[in-house]
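Residue-level structure breakdown
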Amino acid sequence: MFTLVTDPSALPSYTEENYLKAIYKLSEAEPGVEVSTNRIAEVLQTRAASVTDMLRRLGEKELLHYQRYRGVSLTHEGRRLALLTIRKHRLWEVFLVQKLGFNWDEVHEVAEEMEHLQSPLLIRRLDEFLDFPQFDPHGDPIPAEDGAILRPRHRLVADLQPGDGGTVVAVKNTSAPFLQYLDKVGLSLGAQLEVLDKVSFDNSLEIKVNNNGTALISAEVSRNLFVAG
Ligand SMILES: [Zn+2]
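Cut-off values and rules
- Residues numbered from 1 in each chain as written.
- Predicted model: local features only at pLDDT ≥ 70, side-chain atom pairs only at ≥ 80, totals over all residues.
- Heavy atoms only, no water.
- Helix = DSSP H or I, 4+ residues; strand = E, 2+ residues; numbered from the N terminus.
- Rg over C-alpha atoms; globule rule 2.2 N^0.38 Å.
- Contact = heavy atoms within 4.5 Å.
- Donors = N, O, S within 2.8 Å, 3.2 Å for Na, K, Ca; no water.
- Buried < 20%, exposed > 50% of the residue type's maximum accessible area, 1.4 Å probe, protein only.
- Pairing = 2+ DSSP bridges.
- Arc of directions from axis to C-beta.
- Axes fitted to C-alpha atoms, helices over the stretch in contact; angles between N-to-C directions.
- Left-handed = near helix turned anticlockwise from the far one by under 90°.
- Nonpolar A, V, L, I, M, F, W, Y, C, P; charged D, E, K, R; others polar.
- Domains from an automatic or database assignment.
- Buried area = accessible area lost by both parts, 1.4 Å probe.
- Salt bridge = Lys/Arg side-chain N within 4 Å of Asp/Glu carboxyl O.
- Polar contact = N/O pair within 3.5 Å; in protein donor to acceptor, adjacent residues only side chain to side chain.

The helix and strand tally for the chain stands at eight helices and eight strands. Here the C-alpha radius of gyration of the chain, 19 Å, is about what a compact globule of 229 residues would show, namely 17 Å. With the principal axes as the frame, the chain shows a C-alpha extent of 55 × 45 × 30 Å. Counting only contacts in the chain whose residues sit at least 6 apart along the sequence, the fraction spanning at least 24 positions is 63%.

Here you go:
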C-alpha cells in the first residue's frame, strides 16, 4: 500500500498524468500483454514519435520502465500517480451527477479537466462531502486514498445464457452515444435485465428489462454491459 498524497514540488503535468492513466488502463485491460508505443498512441490519439518522447521523459522521472520491444510498465510511483488521477476523475464524476444534476453521459469530458486539480485537501473534502462513494456513475470502482481499488466480479452480458440475468451495475464503454442509447432502452445502472433468447446468427440478445417489455440488443452492446447478482 502507498499514500496518494503528492509532494507538491514534484507535480506532474496534465499530459504526464494522461499518459500514466492510459498506460495503467491498458495494462489492466489486457494483463500480460505488452503495452506498446503504438497502443498508447492509438488511445491518446497522438503520433508514435510524440509517445516515444514522452515515455523517455517519464522514464527519466522514474515513473515507468520503457524497453524497446518489451513495452512499458509503470513503477510504483507511476502507478500511484495513475491511480490518484483516476480517483480524482471518478470522484468528480460522482459530484457532477449527484450534486450538479449532470446526466451520466455528460460527465466524462468535464472530469477529464477536473482530474488534474492537485490539492490533496480538496480531494479529501470532496470524498467526504460525497460520503466516500465506492463507484462512479458508470459503475467503475473509485481507488481509495491509499491506492486500494475494488475489483468486483461482474458478469458481461455477452456471456449470459437464456434464463440468466441480474442488475446492471457497470458499463465498459462510457461514450455519450452508448450511454444515451442505454437510457433510451431503459438500461441505466440499477435496471433489471434478463436474457430471454440469444440469436445464434449474430449473438444479439432478446432481453427483458425491469420485468416489463422486451428489447433486442446487439452483440456489441452486450459486450459493453455488466450485471451482478
Ligand atoms: Zn470518466
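Still more to cover.
Geometry sets the ideal angles at a metal, namely 109.5 degrees for four tetrahedral donors and 90 or 180 degrees for six octahedral donors. Note on the zinc ion: its protein donors are His 89 (NE2), Glu 93 (OE) and His 108 (ND1). The metal-donor distances range over 1.9 to 2.1 Å. Given the relative accessible area of 6%, His 89 is considered buried.

Looking now at the side chain of Asn 224. Checked against the element boundaries, Asn 224 lands in the loop between α8 (219-222) and β8 (225-228). For Asn 224, the contacting residues outside a window of four places in its chain are Ala 170, Val 171, Lys 172, Asn 173 and Phe 178.

Pairing is antiparallel in the open sheet, where six strands are placed in the order β3-β8-β4-β5-β6-β7. Unpaired on one side and paired on the other, β3 (155-156) and β7 (214-217) mark the two borders of the sheet. Judged from the four bridges that link them, strand β6 (residues 205-209) and β7 form a sheet pairing that is antiparallel. What sits directly across from Glu 206, in β7, is Leu 216.

This brings us to helix α7 (residues 176-184). Within the sequence span of α7, burial applies to Phe 178, Leu 179 and Leu 182. End-on, the buried residues of α7 take up no more than an arc of 95 degrees, which puts them together on one face. Looking at α7, the residues exposed on the side facing more than 90 degrees away from the buried face are Pro 177 and Lys 184. For α7, the elements touching its buried residues are β4 (165-171), α8 and β8.

Relative to each other, helix α1 (residues 14-29) and helix α2 (residues 37-44) sit at 115 degrees, their axes nearing to 10 Å. For the crossing formed where α1 meets α2, the hand is right-handed. Contacts between α1 and α2 involve Asn 18, Tyr 19, Ala 22, Ile 23 and Leu 26 on the former and, on the latter, Arg 39, Ile 40, Val 43 and Leu 44. Looking at the contact of α1 with α2 residue by residue, the class counts come to seven nonpolar, one polar and one charged.

Looking now at the pairing of strand β2 (residues 71-74). Note: strand β1 (residues 64-67) against β2, four bridges, orientation antiparallel. In the strand pairing of β2, His 65 is matched with Ser 73. Between β1 and β2, which pair antiparallel and follow one another directly, the connecting turn spans three residues, one of which, Tyr 69, has a positive phi of 70 degrees.

Right, let's get into the domain arrangement of the chain. Along its sequence, the chain is organised into domain 1 (1-150) and domain 2 (155-228). Computed over C-alpha atoms, the centres of domain 1 and domain 2 are 28 Å apart. Counting from both sides, the interface comprises eight residues of domain 1 and, opposite them, twelve residues of domain 2. Of the roughly 750 Å² buried where domain 1 meets domain 2, counting both sides, 60% is carbon and sulfur surface. Sorting the residues of domain 1 by area buried against domain 2 places Trp 104, Asp 105 and His 138 first, and these three jointly supply 73% of that buried surface. On the surface where domain 1 and domain 2 come into contact, there are zero salt bridges. Taken together, domain 1 and domain 2 are joined by four residue pairs in polar contact (both at pLDDT 80 or more). Partitioned by chemical class, the residues of the side of domain 1 that touches domain 2 number two nonpolar, four polar and two charged.

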